[in-house]
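Read off the chains here:
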Amino acid sequence: MEPNSKRREEYRAKHSSLNLHHNRALAADKSSYKPGNMFARFIGLIALVAVCFGVAWAAHMYFTIHSAVDGRNGGGLATSAKITNRQPISVLILGVDQGIEGRHDRGNSDTLILATANPQKNTATMTSIPRDTLADIKGDPGDKYFMFRVNSAYEIGGSKSSVKTVSSLLNVPINYYVEVNMKALRSLVNAVGGVDVNVPFDFSYDWCDFHKGKQHLNGRHAVAYVRMRKEDPRGDYGRQLRQRQVIEAIAHKAMSVNTISNYRKLVDIFNKYVKTNLTFNDMLSLALNYRGCMSNLNSGFLQGHDAWIDGALIQVASTKELQKTSNKIRKNLNLPVETLDNEETRQNELNDQNNHVKWDDPNAFTTYQIYEQNADKPAGGSNSGYGENSSSSTSSSSSSSSSSSSSTWKFHW
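All figures in this text were calculated on a predicted structure; none of them were measured in a lab.

What counts as what
Residues numbered from 1 in each chain as written. Predicted model: local features only at pLDDT ≥ 70, side-chain atom pairs only at ≥ 80, totals over all residues. Heavy atoms only, no water. Helix = DSSP H or I, 4+ residues; strand = E, 2+ residues; numbered from the N terminus. Buried < 20%, exposed > 50% of the residue type's maximum accessible area, 1.4 Å probe, protein only. Contact = heavy atoms within 4.5 Å. Areas by Shrake-Rupley, 256 points an atom, 1.4 Å probe, with all protein chains shown as cover. Pairing = 2+ DSSP bridges. Phe/Tyr/Trp six-rings, centres within 6.5 Å; stacked < 30°, edge-to-face > 60°. Axes fitted to C-alpha atoms, helices over the stretch in contact; angles between N-to-C directions. Parallel < 35°, antiparallel > 145°, perpendicular 65-115°, else oblique. Left-handed = near helix turned anticlockwise from the far one by under 90°. Salt bridge = Lys/Arg side-chain N within 4 Å of Asp/Glu carboxyl O. Polar contact = N/O pair within 3.5 Å; in protein donor to acceptor, adjacent residues only side chain to side chain.

Undergrad: Please explain the overall build of the protein as it appears in this structure.
TA: Scanning the protein from N- to C-terminus turns up 11 helices and 16 strands. Within the protein, buried positions represent 44% of all 413 residues. Within the protein, residue pairs in contact and separated by at least 24 positions form 64% of the contacts whose partners lie at least 6 positions apart. For the protein, the computed accessible surface area is about 21,900 Å², with 54% contributed by carbon and sulfur atoms.

So this is what it looks like as structure tokens:
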């Protein structure tokens, strides 16, 4: 054998023994493979697989809801600056009556609730606005409408008109809207497993029985609970209270972890019944960063006074009531208080001066009048309240002698 070959063999033998020793040092002894250790490794493997599946499922859930919400509402991917920076926000919640009792037209907004959330203070407000409240209707492209019930804004110009009208009524900025078809309420309540409410008194409505005290409602009962009005001694104000109860209960449930298992149902509801200018990222950020606001919720309503105007019963909010409501909402938005100066306060001032309405009188007003938009005389020469600009009408109006042409209003409640 050549000397070099011999040296190579000796080198291999030496290093292979070192490698074997090194491998044995890294390898476990057979005696260490105990049944308990094998079981622990198996459980660890299962846990790892479960985590992977959980992450994949969560990602699937996220993108499914993301696609459904943003696809339905035409929203973008970005979170709005206000929500990203955890600033106070306001949201107008509109409950529209399409799909209820056979309706398929746009309809009016049966429910109007202005909600605010301030994550810096961890406070929230929820203010119901009676649907019959007299308001200066904004957002009509043809500028045909003036003073009428606030819920008609939705029929005239959809969510945008409702937002403009409520914003002007209370002198508060409204950042977002959520438009919910009332037909969705049943499915929404069922999707979160029902809601618990404190029923104020015994009553029955739409073949559903309610008993004073705490009661768990499914979707069908929730719809009946929020729609009943005539049997409530407080009328529409009592119904507003019950609406806020259900909405608050749904909000609490929707932010709970247990609701995630029903996300597909919630996605379907969003696809069919909900319109909003909030993106999915907005809603996710709200759920994560604004949830503390729900622990300190100030719930209330805009109080109106009954008034008979041209044969129709309307709710007229006093300037004092409008100011008080505006102050509460502006404060929670970290905005300075401002004195209200809008069409509603002007109408109140003219009625105070000319018709001597007494806001502390519990009886319905019979002398409250609507004055022309840009003049201090009764519109149309009567105590009417809502109209279509007659100058935009094709008829040359046989009764135009009672008022000037461009500001004449043709009234019909």
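Past the structure itself, the notes keep going.
Undergrad: Sorry, what's going on with the environment of aspartate 132 here?
TA: By the element assignment, aspartate 132 lies in the loop between strand S3 (123-128) and strand S4 (134-136). Residue classification places aspartate 132 among the buried residues on the basis of a relative accessible area of 18%. Between the C-alpha atoms of aspartate 132 and serine 152, which are 20 residues apart in sequence, the distance is 8.8 Å. Leaving out residues up to four positions away in the same chain, aspartate 132 has contacts with Arg149, Arg229, Ile314 and Gln315.

Undergrad: Quick question: what am I supposed to make of unusual backbone geometry here?
TA: In this model, asparagine 171 sits at a positive phi of 55°, which is unusual for a non-glycine residue. In this fold, asparagine 171 is placed in the loop between helix H4 (152-170) and strand S6 (176-181). In this structure asparagine 171 comes out as partly exposed when scored by relative accessible area, which is 25%. Even without glycine at this site, tryptophan 207 takes up a positive phi of about 65°.

Undergrad: Teacher, can you tell me more about the pairing of strand S13 (residues 305-309) here?
TA: If a strand is regular, its side chains alternate between the two faces of the sheet. Side chains of S13 alternate between two faces, with His305, Ala307 and Ile309 buried and Asp306 and Trp308 left unburied. Bridge count between S13 and strand S14 (residues 312-316): 5 bridges; the pairing is antiparallel. Each bridged residue has a counterpart across the sheet, and for tryptophan 308 the counterpart in S14 is leucine 313. What sits between S13 and S14 in their antiparallel hairpin is a turn of 2 residues, with aspartate 310 showing a positive phi close to 55°.

Undergrad: Explanation requested: the packing of aromatic side chains in the structure shown.
TA: Two aromatic rings are characterised by how far apart their centres lie and by the angle between their planes. Within this structure, the stated rule accounts for 8 aromatic pairs. On the basis of an interplanar angle of 25° and a centroid distance of 6.1 Å, the ring pair of phenylalanine 203 and tyrosine 225 is categorised as stacked. Of this pair, phenylalanine 203 sits in strand S8 (residues 203-205) while tyrosine 225 sits in helix H6 (residues 219-227); the two residues are 22 residues apart in sequence, bridging distant segments of the chain. Each member of the pair, phenylalanine 203 as well as tyrosine 225, carries the same accessibility label: buried. On the basis of relative accessibility, which here comes to 0%, the residue tyrosine 225 falls in the buried class. Here a set of aromatic residues connected by ring pairs shows up, and it is made of Phe201, Phe203, Phe210 and Tyr225.

Undergrad: What is the right way to read the packing of helix H5 (residues 184-191) against H6 from this model?
TA: What describes two packed helices is the angle between their axes and the distance between those same axes. One way to put it is that H5 packs onto H6 with a least axis distance of 7 Å and a crossing angle of 130°. Our classification of the angle between H5 and H6 gives oblique. Along this stretch, H5 crosses H6, giving a crossing that reads as right-handed. Contacts between H5 and H6 pair Leu185, Arg186, Val189 and Asn190 from the former with Gly219, Arg220, Ala222, Val223 and Val226 from the latter.

Undergrad: How should the environment of glutamine 315 be read in this particular structure?
TA: As for its position among the elements, glutamine 315 is in strand S14. Between the C-alpha atoms of glutamine 315 and alanine 135, which are 180 residues apart in sequence, the distance is 9.5 Å. Excluding its chain neighbours within four sequence positions, the residues that come into contact with glutamine 315 are Asp132, Thr133, Leu134, Tyr237, Gly304, His305 and Asp306.

Undergrad: Would you take a moment to explain the pattern of salt bridges for this structure?
TA: Note that side chains of opposite charge can pair when their charged atoms are close. Throughout the structure, instances matching the rule amount to 8 salt bridges. A network of salt bridges, in which partner residues are shared, links Glu343, Arg346 and Asp376.

Undergrad: Got a minute to help me understand H6 in this structure?
TA: For the α-helix, the turn length of 3.6 residues means that residues three or four positions removed from each other point alike. Buried residues dominate H6, accounting for 7 of its 9 residues. Here H6 has its buried residues at Gly219, Ala222, Val223, Ala224, Tyr225, Val226 and Arg227. Here H6 starts with a cap whose side-chain oxygen sits 3.3 Å from the backbone nitrogen of arginine 220, and that cap is asparagine 218.

Interpretation note: all reported values are geometric properties and have no functional meaning in isolation.
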